[in-house]
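One letter stands for each residue in the lines below.
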Amino acid sequence: MKRLYIALFFIAMIISFCVFEQVKVNCFYDEVSALIDSAEEYANAGDYETAYKKCESLDTYFQKQYKILSLIIHNKTLDDMSVSIHELKALAQNDDTMLESRLLSAKIQAQQIKNNQRITLENIL
């Protein structure tokens, strides 16, 4: 009977970790997507100063979340996204027209992270 309780405990721990990971990744995607969308709006309007502030906020948020996400996600896409987000600040600061395409690229990378971490049968098997 003691073995059953130990097994149930470990199953509960695994399920709790999976739920935590799903919530963390989904909240990360929602926040990053919102920041990218607002930076994109300002960049399209030609307001690169405000777009830079949004990119700076995005970088700060990403750096805080990266510490936690890198523990639960072993993914090259997360590292690639880190590089892309660092580039965004420089592009916005220099009023570069490539900013819009790089914002889209960063958003696609965030979507890939969310899709790769989603609990599906193909991810489990």
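Refer to the structure presented above.
One structure accompanies this document, and this report is about it. (Residues numbered from 1 in each chain as written. Predicted model: local features only at pLDDT ≥ 70, side-chain atom pairs only at ≥ 80, totals over all residues. Heavy atoms only, no water.)

Quick word on the packing of helix α3 (residues 76–93) against helix α4 (residues 99–117)
Working note: a packed helix pair is described by the angle between its axes plus the distance between those axes.
Right, on to step 1. α4 packs onto α3 with a crossing angle of 160 degrees between their chain directions and a minimal axis gap of 9 Å. In this view, α3 runs roughly antiparallel relative to α4, as classed from their interaxial angle. The element α3 and its partner α4 pack so that their crossing is left-handed. Taken together, the residues of α4 that come into contact with α3 (itself represented by Thr77, Leu78, Asp80, Met81, Ser84, Glu87, Leu88, Leu91 and Ala92) are Leu99, Arg102, Leu103, Ala106, Gln109, Ala110, Gln112, Ile113 and Asn116.
Right, on to step 2. Split into classes, the residues belonging to the contact of α3 with α4 amount to ten nonpolar, five polar and three charged. (Axes fitted to C-alpha atoms, helices over the stretch in contact; angles between N-to-C directions. Helix = DSSP H or I, 4+ residues; strand = E, 2+ residues; numbered from the N terminus. Parallel < 35°, antiparallel > 145°, perpendicular 65-115°, else oblique. Left-handed = near helix turned anticlockwise from the far one by under 90°. Contact = heavy atoms within 4.5 Å. Nonpolar A, V, L, I, M, F, W, Y, C, P; charged D, E, K, R; others polar.)

Brief notes about α3
Residues that lie three or four places apart on an α-helix share one face, since the helix turns once every 3.6 residues.
Right, on to step 1. For α3, spanning 18 residues, the distance from its first C-alpha to its last is 27 Å, which sits close to the expected 26 Å at 1.5 Å a residue.
Right, on to step 2. If you check which residues of α3 are buried, you get Thr77, Leu78, Met81, Ser82, Ser84, Ile85, Leu88, Leu91 and Ala92.
Right, on to step 3. Residues of α3 that are buried sit in contact with α1 (2–44), α2 (48–72) and α4. (Expected span 1.5 Å × (residues − 1). Buried < 20%, exposed > 50% of the residue type's maximum accessible area, 1.4 Å probe, protein only.)

Observations concerning the side chain of Asp59
Right, on to step 1. Within the secondary structure, Asp59 is located in helix α2.
Right, on to step 2. Not counting chain neighbours up to four residues away, the residues in contact with Asp59 comprise Ile85, His86 and Lys89.

Some remarks on the nonpolar core
Right, on to step 1. In terms of nonpolar packing, the biggest core is built from 28 residues, with Val32, Met81, Leu88 and Leu99 touching the most fellow members.
Right, on to step 2. Contributing elements (two or more residues each) for this core: α1, α2, α3 and α4.
Right, on to step 3. Setting aside anything within four residues of it in sequence, one finds Val32 in contact with Leu58, Tyr61, Met81 and Ala110. (Core = buried A, V, L, I, M, F, W, Y, C linked by side-chain atoms within 4.5 Å.)

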